[in-house]
Amino acid sequence: MAKGYVAITVERCKGCAFCVEFCPTKVLALSSAFNSKGYHPPNVVAPEKCSGCDLCGMYCPDFAIFGARYAR
Amino acid sequence: MSEMECVMEIPEDAFNPVEPFLRMDRMPHIWCAGCGIGTTVNCFVRALLNSKADLDKVAIVSGIGCTGRVAGYAQMDSFHTTHGRAIPFATGLKLANPELQVVVYSGDGDLFAIGGNHFIHAARRNMDLKVICVNNMIYAMTGGQSAPTTPGHATTSTAPYGVFEPAFNLVSLAEAAGASYVARWTTYHVMQLARSMEEIFKKKGFCFIEVLSPCPTLYQRRNKMGDGLEAMKYYKKASKIRHGAPTSECALTKDGEIVVGKFVDRDRPDYLELLRSQMVESLGERYAEPEMACEDAEVTCSL
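These numbers come from a predicted model, not from an experiment.

**Q** Hey, could you run me through the overall build of chain A in this one?
**A** Tallying secondary structure elements over chain A gives 2 helices and 4 strands in all. The order of helices and strands in chain A, counted from the N terminus, is β-α-β-β-α-β. A compact globule built from 72 residues would reach a C-alpha radius of gyration of about 11 Å, and chain A, at 11 Å, matches this within 12%. Taking the principal axes of its C-alpha atoms as reference, chain A extends roughly 35 × 20 × 20 Å.

Shown next, in the form of structure tokens:
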């Protein structure tokens, strides 16, 4: 069971892939689909690995992604 | 579109922690894909959150340029000044209301080329300002002309055969001019940068942080250095953390080592302290503390 989650605002993404590259547990990958501006937003490929560290949120220059831990 | 749908369970009340600090009606912002200015804003917001700063007492001042847009996107008291004049405006703001935490958030061209003199004199006086300089090594908004920070041999739109002028070493300049706190990070070092920004909120005097940021559209592209992600990988590979390193040895080159870390952290009396002690010395008992101009003014915050 994943400790955390990432939420992606697809339409705000500019496809820089900082989140994909620097995710410590490699939860994300760039999607092959486009958003309405023609960028490839990230896609969650390994949701169970997410620790909710929010490093993706720290790196995202477009404020389009953030991570958090589930409240338990 | 089904591929893009998140398979994770997201709580309904989840929100991006950066959003309350930004004017979301202005998003998406103008910065290019792969530009690092947004990343520095993330770090700044985390620093504000961690230091539990009262947002009514924080003001952001920026000049002109890509980084100058930060003031327009920040959901707090902010001012977008004329080119190069962020520090003089911030000085006035600080002197009129010393309770404010005044943050100058601007680019290398604005702070060191057009406003270079203001920078060194604010550092000399040790004005209590927090200066965050996002250094993308070029005049990005105007079309990629050479800036005083462009390293040698880089190609720019005004130097098609390569820049031959020596560049400024910003951290050394800040230390020599008298800054109390000098640090350099890159947009790759998000955690360290956020911690450094938190530190300067608690520090009195002139604080300066240089943040290296990719400029994929003008600097990286013209120099065949790839996109924003390539620049981030280069920062990861080439940077070495050396706290307290002599700043004169920390000059930046086009593709060499990047020395990062906290170089200077010293205590000097700041401008207001010096002014007060001079007044007390000259006037003796006739000296009275000035009344705060904005004490009665009602400040409301929409947050």
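**Q** So what exactly am I meant to see when it comes to the packing of aromatic side chains here?
**A** How two aromatic rings sit relative to each other is set out by the distance from centre to centre and by the angle between their planes. One pass over the structure, following the stated rule, counts 13 aromatic pairs over all chains. On the numbers, 4.8 Å between centres and 25° between planes, the contact of F22 of chain A with Y59 of chain A is stacked. In this pair, F22 of chain A is assigned in helix α1 (residues 18-22) and Y59 of chain A in helix α2 (residues 55-59), connecting sequence segments 37 residues apart. Across the pair, exposure class does not vary: F22 of chain A and Y59 of chain A are buried alike. Through pairs of rings, three or more aromatic residues link up here, namely F112, F119, F206 and F208 of chain B.

**Q** How should the packing of helix α5 (residues 116-125) of chain B against helix α6 (residues 170-177) of chain B be read in this particular structure?
**A** When two helices pack together, their arrangement is captured by the angle between the axes and the distance separating the axes. Residues and elements named next belong to chain B. Two elements in contact, α5 and α6, have axes separated by 8 Å at closest approach and are oriented at 45°. In terms of orientation, α5 and α6 fall into the oblique class. Where α5 approaches α6, its residues F119, I120, A123 and R124 are matched on the opposing element by L173, A174 and A177.

**Q** Even after reading the chapter, I still don't get the side chain of S239 of chain B, so can you show me in this structure?
**A** Residues and elements named next belong to chain B. Structurally, the position occupied by S239 is in strand β7 (residues 239-241). For S239, the side chain forms a polar contact with the side chain of H189, separated by 3.4 Å. At a separation of 2.4 Å, a polar atom in the side chain of S239 contacts the main-chain carbonyl oxygen of Y235. Excluding residues within four positions of it along the chain, S239 makes contact with H189, Y234, I258 and V260.

**Q** Looking at this structure, how should I read the pattern of salt bridges?
**A** Under the definition given, this model contains 18 salt bridges over all chains. For the salt bridge of R12 of chain A with E19 of chain B, the shortest nitrogen-to-oxygen distance reads 3.3 Å. Here E19 of chain B lies in the segment before α1 (37-51) and R12 of chain A lies in the loop between β1 (4-8) and α1, a pairing that spans two chains. In this structure R12 of chain A comes out as buried when scored by relative accessible area, which is 16%. Owing to a relative accessible area of 24%, E19 of chain B belongs among the partly exposed residues under this scheme. Each of E199, K203, K262, D265 and D267 of chain B takes part in a single network of salt bridges with overlapping partners.

**Q** Honestly, the pairing of strand β4 (residues 129-135) of chain B in this entry has me stumped. Any pointers?
**A** Every other side chain in a regular strand lies on the same face of the sheet, so the side chains alternate between the two faces. Residue and element names in this part refer to chain B. Taken across its 7 residues, β4 has 7 buried, putting it largely inside the fold. Here β4 shows two buried faces, one formed by L129, V131, C133 and N135 and the other by K130, I132 and V134. Here 6 bridges tie strand β3 (residues 101-107) to β4, and the two strands are oriented parallel to one another. Note that in β4 the partner of V102 across the bridge is L129. In the sheet, β4 pairs with strand β6 (residues 207-212) via 6 bridges, with the strands oriented parallel. Opposite N135, over in β6, you have L212 as the bridge partner.

**Q** Is there a simple way to think about the side chain of Q220 of chain B in this case?
**A** All names here are of chain B. Inspection of the secondary structure puts Q220 in helix α8 (residues 216-222). Take Q220: its relative accessible area is 4%, and that puts it in the buried class. Once you skip the residues sitting within four places of it in the chain, Q220 turns out to touch P214, C215, M225, G226, D227 and A231.

**Q** What is the right way to look at the environment of C133 of chain B in this model?
**A** Residue and element names in this part refer to chain B. Within the secondary structure, C133 sits in strand β4. Residue classification places C133 among the buried positions, given a relative accessible area of 0%. Here the alpha-carbon distance between C133 and S157, two residues 24 residues apart in the chain, equals 22 Å. Leaving out residues up to four positions away in the same chain, C133 has contacts with S106, G107, D108, L111, F112, L170, F208, I209, E210 and V211.

**Q** Sorry, what's going on with the state of the cysteines here?
**A** By definition, a disulfide links the sulfur atoms of two cysteine residues through a covalent bond. Here the structure, examined in full by the defined rule, presents 0 disulfides over all chains. With no disulfide of its own, C50 of chain A lies 6.8 Å from the sulfur of C56 of chain A, the closest cysteine sulfur. Look at C50 of chain A and you get buried, because its relative accessible area is 6%. Counting only cysteine sulfurs, C32 of chain B is the nearest neighbor of C35 of chain B, a cysteine outside any disulfide, at a range of 6.3 Å.

**Q** Would you mind going over the sheet that holds strand β5 (residues 181-186) of chain B with me for this structure?
**A** In sheet architecture, strand pairing relies on hydrogen bonds along the backbone and comes in two forms, parallel and antiparallel. Residues and elements named next belong to chain B. Taken in spatial order, the 8 strands of this open sheet run β2-β1-β3-β4-β6-β5-β8-β7, and their pairing is mixed. At either end of the open sheet lies a strand with only one pairing partner, and these are β2 (77-80) and β7. Neighbour-to-neighbour, the strand axes of this sheet turn through a mean angle of 20°, independent of strand direction. The strands touched by helix α9 (residues 228-238) are β5, β6, β7 and β8 (258-265); relative to β7, the strand with the most contacts, the crossing angle is about 45°.

**Q** Where do I start with empty space enclosed by the protein in this structure?
**A** Left-over empty space is what a probe sized like a water molecule reveals as it rolls over the atoms. Residues and elements named next belong to chain B. Counting across every chain of the model gives 5 cavities of 30 Å³ or more. Volume-wise, the largest cavity comes out at about 120 Å³. Those elements that place two or more of their residues in the lining of the largest cavity are α8 and α9. Considering each element in turn, the lining of the largest cavity owes the most residues, 3 residues, to α9. Partitioning the lining of the largest cavity into residue classes produces 11 nonpolar, 5 polar and 1 charged.

Parameters and conventions
Residues numbered from 1 in each chain as written. Chains lettered and ligands numbered in written order. Predicted model: local features only at pLDDT ≥ 70, side-chain atom pairs only at ≥ 80, totals over all residues. Heavy atoms only, no water. Helix = DSSP H or I, 4+ residues; strand = E, 2+ residues; numbered from the N terminus. Rg over C-alpha atoms; globule rule 2.2 N^0.38 Å. Phe/Tyr/Trp six-rings, centres within 6.5 Å; stacked < 30°, edge-to-face > 60°. Buried < 20%, exposed > 50% of the residue type's maximum accessible area, 1.4 Å probe, protein only. Axes fitted to C-alpha atoms, helices over the stretch in contact; angles between N-to-C directions. Parallel < 35°, antiparallel > 145°, perpendicular 65-115°, else oblique. Contact = heavy atoms within 4.5 Å. Polar contact = N/O pair within 3.5 Å; in protein donor to acceptor, adjacent residues only side chain to side chain. Salt bridge = Lys/Arg side-chain N within 4 Å of Asp/Glu carboxyl O. Pairing = 2+ DSSP bridges. Disulfide = S-S within 2.5 Å. 1 Å grid on protein atoms, 1.4 Å probe; cavity = no way out; pocket = protein on both sides within 12 Å on 5 of 7 lines; lining within 4 Å. Points joined across faces, edges and corners; volume = space filled by probe spheres on them. Nonpolar A, V, L, I, M, F, W, Y, C, P; charged D, E, K, R; others polar.

As far as function goes, none of this settles anything; it's purely spatial.
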